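Reading the structure
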Amino acid sequence: MEEAVGTTRSALSVLRGQAETLRCILQKLREGESRESHEEFDQKHFWDLLGQTFQATSHEATKLSLAFSSSPSPSAEECQKLSESLQNAVLAAVSTFYRLPKSQGVTLRKTVRDATAEVVDGTIQLTEVILKTPLESISREQLMSTGGVWEACELVTNLPRDNHAAVLAVFSSYLGIVKDALEEMEQALEDDTDPFADILEDEELGARGNRDTYWSDADRQIHAPCMGLMKSSKACLKKVITALKAHGTADTQEHVAQLDDLADIANEISPSVDDLALSMYPPMNHLPVRLNAAKLASVLKKFLEIAKASHICPESEAGWVTFLDGAVDHNMNKIKELTQHDL
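A brief report on the enclosed structure follows. For every chain, the first residue of the written sequence is number 1, and numbering continues from 1 onward in sequence order. Only residues with pLDDT of at least 70 get local features here, since the model is predicted, and only at 80 or more are side-chain atom pairs given and counted; chain-wide, interface and lining totals rely on the full set of residues. Side-chain descriptors were evaluated using all non-hydrogen atoms of the structure, hydrogens and water having been removed beforehand.

Comments concerning the overall build of the chain
Summing up its helical and strand segments, the chain has 11 helices and zero strands in all. Mapped in sequence order, the helices and strands of the chain form the string α-α-α-α-α-α-α-α-α-α-α. Looking at the chain as a whole, 45% of its 343 residues are labelled buried. Should any heavy atoms of two residues lie within 4.5 Å, those residues are counted as being in contact. Within the chain, contacts between residues at least 6 apart in sequence are counted, and of these 82% link residues at least 24 apart. The protein chains shown are the only cover counted for residues, whose accessible areas, like all others here, come from Shrake-Rupley with a 1.4 Å probe. Surface exposure of the chain reaches about 18,300 Å², of which carbon and sulfur atoms provide 51%. Numbering goes from the N terminus for both helices and strands, where a helix is a DSSP run of H or I of at least four residues and a strand is a run of E of at least two. Burial status follows relative accessibility: with a 1.4 Å probe on protein chains alone, a residue under 20% of its type maximum counts as buried, one over 50% as exposed, and anything between as partly exposed.

Structure below.
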């Protein structure tokens with residue numbers, strides 16, 4: 001009995017070491033950068049190899065989980081072999097990611113890095129679950145953690161294969177976030193009612209004291225151009241996505257870099273929309289609204305400027321860029337006019 005307990009403790013000690021090693025791998029993956037290789041990049045070989053390493057990680061994670069799903073638990077020696085096999089598979093996946101050169105696109109590398117990090121994180125979670133659950137039978141949490149590793153490893157089949165596809169995927173996710181924020185604000189404005197609208201102001205009591213829960217007439221005037229800016233954000237993303245599909249390529253270094261420049265500025269759109277939307281809720285302070293609107297307008301104008309100067313915007317696409325740029329200016333000027341007295 002004491003020997004079995006000692007064996008279990010030794011096996012768990014191996015797993016604790018494994019968890020620590022995997023955490024170090026994950027930290028370096030998220031923080032570090034690979035050295036640039038001067039070898040010619042073979043796209044097909046890279047994706048085949050990445051798929052194989054992800055599949056191997058899934059297989060080794062399953063073996064480890066099964067080994068700790070019933071009694072007797074594996075010996076320290078068996079656990080060491082299982083642990084080494086899983087760590088080697090994880091290291092192979094991470095090493096394969098590092099073969100993807102920056103010349104293929106920063107957006108693509110970030111997408112693949114995030115997917116690889118999900119795999120490593122999944123193996124860490126599985127290891128931690130095994131460490132804290134009884135060894136006699138597999139727990140629901142362990143089953144879920146094992147399934148989480150499978151799902152993370154299967155994502156490799158849906159990853160974009162070049163920077164053009166990666167940027168398109170990122171923009172589509174940004175568009176979804178902006179749409180949600182816009183719909184939420186439209187619903188809030190539609191539902192808005194002043195619960196004390198039928199109560200006249202009293203000379204002694206002063207103005208109604210519920211201004212924290214409803215919009216004033218002045219607030220509602222500012223809403224229109226603010227909503228206009230949010231709708232312009234949605235329109236900018238939709239138009240650029242359409243232009244990307246029609247004209248975007250990742251076949252030259254210049255085009256790859258232009259796509260990354262677009263992705264960099266587009267990354268600021270949805271947070272700027274959220275900031276503006278949050279400042280529009282009552283009690284509404286007009287100065288923060290103006291500042292958040294100005295920030296969003298600046299981001300949108302820069303986004304349009306970069307799009308116009310890139311290969312995705314030939315002369316035939318210039319019209320909508322000019323129109324949307326004008327719409328941003330119009331709404332921002334209206335907000336400035338309505339908030340001038342708040343400066």
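A word on a negative patch on the surface
Among the surface-exposed residues, D180, E183, E184, E186, E190, D191 and D274 lie close enough to one another that they form a single negatively charged patch. Tallying contributions element by element places helix α6 (residues 163-191) first for the negative patch, with six residues. Positionally, E184 belongs in helix α6. A residue counts toward a patch only above 30% relative accessible area and without a salt bridge, and it is joined to like-charged neighbours within 9 Å or, for Val, Leu, Ile, Met, Phe, Trp and Tyr, to nonpolar neighbours within 5 Å. For this analysis, a salt bridge means a side-chain nitrogen from Lys or Arg found within 4 Å of a carboxyl oxygen belonging to Asp or Glu. Charge counting treats Lys and Arg as positive and Asp and Glu as negative, with His and both chain ends excluded. The atom standing in for a charge is NZ when the residue is Lys, CZ when it is Arg, CG when it is Asp and CD when it is Glu.

What about the environment of L155?
Locating L155 in the fold gives a position in the loop between α5 (140-154) and α6. Residue L155 is classed as partly exposed on the basis of its relative accessible area, which comes to 40%. Spatially, the C-alpha atoms of L155 and T116 are 9.4 Å apart, while their sequence positions differ by 39 residues.

Considerations on unusual backbone geometry
Between P282 and the following residue, P283, the backbone shows a cis peptide bond with an omega angle of -5°. You can see P283 is positioned in the loop between α9 (269-279) and α10 (286-309).

Re the packing of aromatic side chains
Stacked, tilted and edge-to-face are the three classes applied to pairs of Phe, Tyr and Trp rings, where Trp contributes its six-membered ring and a pair requires centres within 6.5 Å; stacked means planes under 30 degrees apart, edge-to-face means over 60, and tilted covers the rest. One pass over the full model with this rule turns up six aromatic pairs. Counting as a charge over the ring demands two things of the Lys NZ or Arg CZ atom: a distance within 6 Å of the ring centre and an angle within 35 degrees of the ring normal. Positioned over the ring face of W47 is R161, at 4.2 Å from the centre of the ring.

A closer look at the nonpolar core
Among the nonpolar cores identified, the biggest contains 52 residues, and F171, L229, M230, I269, L276, F303 and I312 are the most heavily contacted of them. Contributions of two or more residues to this core are made by α6, α7 (217-247), α8 (253-266), α9, α10 and α11 (318-339). In this structure, L229 is in contact with L276, A293, L296, A297, L300, V328, N331, M332 and I335, ignoring residues within four places of it in sequence. Put simply, a nonpolar core is a bunch of buried Ala, Val, Leu, Ile, Met, Phe, Trp, Tyr and Cys residues held in one set by side-chain atoms that sit within 4.5 Å of each other. Core analysis: the second largest hydrophobic core is formed by 38 residues, L12, L64, L108 and I130 among them.

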